[in-house]
Amino acid sequence: MRNALLIIVFVVLTILAIPVILVGAISGRGDIFLGYGTWMMRVGRSILGIDLAVEGLDRLDRETPYVFMSNHLSFLDGPLLVPVLDRPVRFIVKRFVLRIPVLGWGMKAAGYVPLDKEGMGEGRKRIARASRMIMEKGYSFLIYPEGTRSADGTLQRFRRGGFFLALDSGAPIVPVSIRGTYGLMPRRTWHIRRGPVRIVFHEPIPVAGRTRADIPELMERVGKEIASAL
């Protein structure tokens, strides 16, 4: 019943998002869509009755842009994580996501960055674009360093793209641990269960003075921080 209600509500809210996107695009204020989308996520959580516990937000400076790096267990991760960040946050997303009607339009207007390949050619340009947005506009980005949802609920091998972004922009890395979403909505299922979820924000990791030679060390450190609260 909750899943059916969620679908109905989100269809209605997605239709209502069209004028929000138009206003944001015309005015050049992508945050309008981000605010509306965050509110939609809160509505979804309320409908599903997910019990969310959040720790470590007091470790963060509200005015500092960060590269948040989280483990990725479920489609629920983003909708639960973004509303508690208390700041506009952008994603680097696969290009096909920006082609999704309404959702993709809003993401494009809000400044989401498409990325198909990391570390080569077009991928480097997209990382550079996201880096400029951090430095010039003060945006934070949310990255899933595993690249995709875990197939078995365990932490997977990291990719380097998000670490290039942190080094190029100078933004500190914030490791984020999400626990509980895999059991509520595992990969290859659309049915959402009810249950508790815990999100932990770890101490920010400065990258000033670091070089790309330090990426393996940073990957290991971020992985250990995330794993410590799973």
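Heads up: these notes are all about the structure in this document. (Residues numbered from 1 in each chain as written. Predicted model: local features only at pLDDT ≥ 70, side-chain atom pairs only at ≥ 80, totals over all residues. Heavy atoms only, no water.)

### Comments concerning the environment of Asp 31
Looking at the secondary structure, you find Asp 31 in helix α2 (residues 31-48). Using a relative accessible area of 38% as the deciding quantity, one classes Asp 31 as partly exposed. Sequence separation between Asp 31 and Val 89 is 58 residues; the distance between their C-alpha atoms is 9.3 Å. (Helix = DSSP H or I, 4+ residues; strand = E, 2+ residues; numbered from the N terminus. Buried < 20%, exposed > 50% of the residue type's maximum accessible area, 1.4 Å probe, protein only.)

### With respect to the packing of aromatic side chains
For any pair of aromatic rings, the description consists of the separation of the ring centres together with the inter-plane angle of the planes. Inspection of every chain in the model, using the stated rule, returns four aromatic pairs. Arranged with centres 6.2 Å apart and planes meeting at 80°, the rings of Phe 68 and Phe 201 form a pair that is edge-to-face. Of this pair, Phe 68 sits in strand β2 (residues 67-70) while Phe 201 sits in strand β7 (residues 196-201), and the two are 133 residues apart along the sequence. Assigned by exposure class, Phe 68 and Phe 201 land together as buried. Within the aromatic cluster, the residues linked to one another by ring pairs are Tyr 66, Phe 68 and Phe 201. Arg 90 extends its terminal NZ or CZ atom over the ring of Tyr 139, reaching a point 3.6 Å from the ring centre. Of note, Arg 149 hangs over the ring of Phe 75, and the distance from its end group to the ring centre comes to 3.9 Å. (Phe/Tyr/Trp six-rings, centres within 6.5 Å; stacked < 30°, edge-to-face > 60°. Lys NZ or Arg CZ within 6 Å of the ring centre and 35° of its normal.)

### Notes on the packing of helix α6 (residues 161-169) against helix α8 (residues 215-227)
It is the contact of α6 with α8, at a shortest axis distance of 10 Å, that shows an interaxial angle of 110°. Judged by the inter-axis angle, α6 sits roughly perpendicular to α8. Our pair here, α6 against α8, has a crossing hand that is right-handed. Along its contact with α6, which presents Phe 163, Phe 164 and Leu 167, the element α8 presents Ile 215, Leu 218, Met 219 and Val 222. (Axes fitted to C-alpha atoms, helices over the stretch in contact; angles between N-to-C directions. Parallel < 35°, antiparallel > 145°, perpendicular 65-115°, else oblique. Left-handed = near helix turned anticlockwise from the far one by under 90°. Contact = heavy atoms within 4.5 Å.)

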